[in-house]
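Below are the chains, spelled out letter by letter.
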Amino acid sequence: MHRPPPCPPYRGRFAPSPTGPLHLGSLVAALGSWLLAEQAGGQWWLRMEDLDPPREVAGAAQQQLATLHALGFRPAGPLEWQSRRSALYQTALERLLDEGKAFACHCSRSDLAASQGIHHRCRTGALRPDPAVRLRVAPGTVISFEDGLQGTVRQDVHAEVGDFVLRRADRLWAYQLAVVIDDADQGMTDIVRGADLVESTPRQILLQRALGLPTPRYLHLPLVVDAQGDKLSKSSAAPAVDAHAPLPALRAAWLALGQQPAALSVCSDGSSFLRSASTLFEPMRLPRRHSIPVAALHNTADTNAD
Ligand SMILES: [Zn+2]
């Protein structure tokens, strides 16, 4: 008699890009992904998404890792660096090309200007020495998925995105390909990240299907935004999380996750905060919103600061 295969264990990750020091916006994703993994009795891993050298800041990766360590975060698996995983991406790309699912594209940005940058067919006869490689997205390709927080997300990938880039003309790997390969290769079951990536998820699901890879569960946390409604990016004026005095940032992140502020008022350092947070965390309180203004968090967090 056959038994059904055991449910895969929960495995999630936090995957920052080394474009600056860790700030509140990325800390929300780190803490949220960690809390959900802890709550499920699962694992939480770290991955450095260092695919885009022109955007990276020297020393930022080590600084982010040191800050996460100082805050008490401990990954359960090996730390991966996307910059060291090109061979995996190359194998997947060649397979997609061999199967006719991807194609070399010689179009320039100006060739696609008339279609607002959306690629539905090649518009140039010119050949570039280093063409981009795109995934072919057939008309009528509609992807929908159930987000753990944002509800049903549906996207007509052909109409809204078009054939999308897997390897850029400058030979850098596109995020969409690398993240899909890595999540599958590392056995991720649950992807918890910022809501700015909701729009990318249908592309990733499409790629998983093209490569015969499993689709993990997705949950997109609200983004912390500034007064103008813009994401707190590492390149803007977002203050870095202070590794030596992390409690104000941890409390602000805890508030961004909709949790009870008073619950953690007695913690004295990052590790004791995380220990208490993992027992007090109430997933039902996670805000079903796309964004949260940073002012709403600092006002309350400051009153709790040491
Ligand atoms: Zn083209």
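Residues numbered from 1 in each chain as written. Predicted model: local features only at pLDDT ≥ 70, side-chain atom pairs only at ≥ 80, totals over all residues. Heavy atoms only, no water.

A. How the structure looks around helix 7 (residues 247-256). With nine of its 10 residues buried, helix 7 lies for the most part within the structure. All of the buried residues along helix 7 are Leu 247, Ala 249, Leu 250, Arg 251, Ala 252, Ala 253, Trp 254, Leu 255 and Ala 256. A positive phi of about 80° marks Gly 258, the residue just after helix 7. (Buried < 20%, exposed > 50% of the residue type's maximum accessible area, 1.4 Å probe, protein only. Helix = DSSP H or I, 4+ residues; strand = E, 2+ residues; numbered from the N terminus.)

B. The arrangement of helix 6 (residues 201-211) in detail. When you tally the buried positions in helix 6, you get 10 out of 11 residues, the bulk of the element. The complete set of buried residues in helix 6 reads Thr 201, Pro 202, Arg 203, Gln 204, Ile 205, Leu 206, Leu 207, Gln 208, Ala 210 and Leu 211. At the exit of helix 6 stands Gly 212, carrying a positive phi of roughly 70°.

C. Examining the pairing of strand 7 (residues 151-156) more closely. Summarising the sheet, strand 6 (residues 142-147) and strand 7 pair through six bridges and their orientation is antiparallel. Residue pairing for strand 7: Ile 143 is matched across the bridge by Gln 155. In this antiparallel pair of consecutive strands, strand 6 and strand 7, the connection spans three residues. (Pairing = 2+ DSSP bridges.)

D. Just unusual backbone geometry, in detail. In the Ramachandran plot, Gln 116 falls in the positive-phi region, its phi being about 55° despite a non-glycine side chain. With respect to the helices and strands, the residue Gln 116 is situated in the loop between strand 4 (102-105) and strand 5 (132-135). Positive phi, close to 75°, is recorded for Arg 171, a residue that is not glycine. Secondary-structure assignment places Arg 171 in the loop between strand 8 (164-167) and helix 5 (175-185). Taking relative accessible area as the criterion, Arg 171 reaches 43% and is therefore assigned partly exposed.

E. Representation of the packing of aromatic side chains in the model. What the rule picks out here adds up to five aromatic pairs. Ring geometry for Trp 34 and Phe 73: centres 5.9 Å apart, planes at 85°, overall edge-to-face. Placement of Trp 34 in helix 1 (residues 24-39) and of Phe 73 in the loop between helix 2 (60-71) and strand 3 (80-81) is noted, with a sequence separation of 39 residues between them. As far as the burial class goes, Trp 34 and Phe 73 line up, both buried. Pairwise contacts between aromatic rings join Trp 34, Trp 44 and Phe 73 into one cluster. (Phe/Tyr/Trp six-rings, centres within 6.5 Å; stacked < 30°, edge-to-face > 60°.)

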